[in-house]
Amino acid sequence: MPEQRKARPWKLKVPTTSMKTSLLTAFLALGIFLTLTISLIGYHIFERTMVSEIGNNRADVLHQVGDRVRQVKYNAYTLSNLYYYDHTLQDYLLELKGLKEGGDREKRQQDLNRYLERLTSQFKSSFHEYSIRFDMVLALEDGGGYSSSPVPPDYDYMSPRTKIWYKDMLDAKGEVIDIANYKDKATGQNYFSTARVMADENGESLAYLMISVEEAQLREMYESVIRDRQNTIYIVDREGTIISCSNQRLNGFNFFNMKNLDRLFEGSAYTFTKMRGKEILFTRYQDQGSGFTVLEEIPLEVL
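Small disclaimer: the values here were computed from a predicted structure and weren't measured.

Caption draft 1: Quick peek at the overall build of the protein. A count of helices and strands for the protein gives 6 helices and 10 strands. Taken across its 303 residues, the protein has 42% of its residues classed as buried. Excluding contacts between residues fewer than 6 apart, the proportion of contacts in the protein whose partners are at least 24 apart in sequence is 53%. A total of about 18800 Å² of accessible surface is found on the protein, and carbon and sulfur atoms cover 53% of it.

Caption draft 2: The sheet that holds strand S7 (residues 242–245), seen in detail. Spatially, 5 strands are ordered S7-S6-S10-S9-S8 in an open sheet, and the strand pairing comes out antiparallel. Across the chains shown, the open sheet's two edge strands, defined by having one partner strand only, are S7 and strand S8 (270–275). With direction set aside, neighbouring strand axes in the sheet form an average angle of 25°. Summarising the sheet, S8 and strand S9 (residues 278–286) pair through 6 bridges and their orientation is antiparallel. By the bridge assignment, Thr271 is partnered in S9 with Phe282. Relative to the sheet, helix H6 (residues 258–265) contacts strand S6 (232–236), S8, S9 and strand S10 (293–299), its axis offset from that of S9 by approximately 110°.

Caption draft 3: Layout of the side chain of Glu296. Along the polypeptide, Glu296 turns up in strand S10. Here Arg58 takes part through its side chain, which lies 2.6 Å from a polar atom of the side chain of Glu296. Of the polar contacts made by the side chain of Glu296, one reaches the side chain of Asn231; its length is 2.7 Å.

Caption draft 4: Representation of the nonpolar core. Of all hydrophobic cores here, the largest spans 44 residues; its most connected members are Tyr83, Leu89, Leu93, Leu112, Leu116, Met136 and Leu138. Looking at this core, the elements with two or more residues in it are helix H1 (17–84), helix H2 (87–97), helix H3 (103–127), strand S1 (135–140), strand S4 (190–199), strand S5 (205–214) and S6. The element contributing the most residues to this core is H1, with 9 residues. Leave out the neighbours within four places in its chain, and Leu138 touches Leu89, Leu93, Leu112, Leu116, Gly144, Gly145, Tyr146, Tyr157, Met198, Ala207, Tyr208 and Leu209. Counting 16 residues, the second largest nonpolar core, distinct from the first, contains Tyr155, Tyr182, Val197 and Tyr208.

Caption draft 5: Fine view of the environment of Gly203. Within the element layout of this structure, Gly203 appears in the loop between S4 and S5. Each C-alpha atom, one on Gly203 and one on Gly174, is 9.2 Å from the other, the two residues being 29 residues apart in sequence.

Caption draft 6: Spatial organisation of the side chain of Thr232. For Thr232, the location among the structural elements is in strand S6. Thr232 gets classed as buried once you look at its relative accessible area, which sits at 16%. Ignoring anything within four residues of it in the chain, the contact list for Thr232 reads Cys245, Ser246, Leu295, Glu296 and Glu297.

Caption draft 7: Structural detail: the environment of Ser147. With respect to the secondary-structure elements, Ser147 resides in strand S2 (residues 145–147). Overall, Ser147 belongs to the buried group, its relative accessible area being 13%. In this structure, the C-alpha to C-alpha distance between Ser147 and Leu116, residues 31 residues apart in sequence, is 9.0 Å. Excluding residues that lie within four positions of it along the chain, Ser147 makes contacts with Met136, Val137 and Tyr157. For Ser147, the side chain forms a polar contact with the main-chain oxygen of Ser149, separated by 2.9 Å.

Conventions adopted
Residues numbered from 1 in each chain as written. Predicted model: local features only at pLDDT ≥ 70, side-chain atom pairs only at ≥ 80, totals over all residues. Heavy atoms only, no water. Helix = DSSP H or I, 4+ residues; strand = E, 2+ residues; numbered from the N terminus. Buried < 20%, exposed > 50% of the residue type's maximum accessible area, 1.4 Å probe, protein only. Contact = heavy atoms within 4.5 Å. Areas by Shrake-Rupley, 256 points an atom, 1.4 Å probe, with all protein chains shown as cover. Pairing = 2+ DSSP bridges. Axes fitted to C-alpha atoms, helices over the stretch in contact; angles between N-to-C directions. Polar contact = N/O pair within 3.5 Å; in protein donor to acceptor, adjacent residues only side chain to side chain. Core = buried A, V, L, I, M, F, W, Y, C linked by side-chain atoms within 4.5 Å.

The structure is reproduced here in structure tokens:
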């Protein structure tokens, strides 16, 4: 019989030192990779959470600014109504309509100006506690008028027929319209203004009433939230025209397409976008009462 070979016992191969080192290095590398990945994900979540919190906080700030600006507009509307429904003023305008150029008309217009001086002084005193400063201009249909602020003798009382908002004012038939940004050439001041026609019972225009609030007064509503001039605040009307801006050079420009803004924000109070080459946090508050929108842009690099 052939001789049978004995099976050799199986021996466990013990890892060498180099294998141990390689395995340890692999495990360490995997641990470091997982730690970095988790840390990076955690950082991004933390960053987005913080930025989102900042976005919500800025939206609250713009809400407060919107409340203050709305009150300024309401006060301007109230003042316009006080003049518009004043019976003595209406009587003066009707009387002047029937007077031709001459001594009688000039005298009655001087009487009207003195009456308006007293009335305006009374209103300014009454509204002083609301911290509203305003100017009033009444441009007569037949020429001349009254201004609550000192003006040159040859002052052009609005020349409303030359303004792009003249037709809107006529179409409003005595209701108040907004003029987002009106610049008085005589004074060089920018204003948010309200305007309306004062007419007789037949609808014929007698005068044009304008209540104006200096743009600087609106700027006071948000100057305290300007962060070292690194953020920009805008107050715009429904058409996207800038009423007031922390960058004053932009006042009066039709700067924003409001439909495009709606698409950009998608119903949110804030969004992230790129503007003038910088990533920014863009925040919006729409005030339904005034019809104004308050916007703010802040570069992400300063957050």
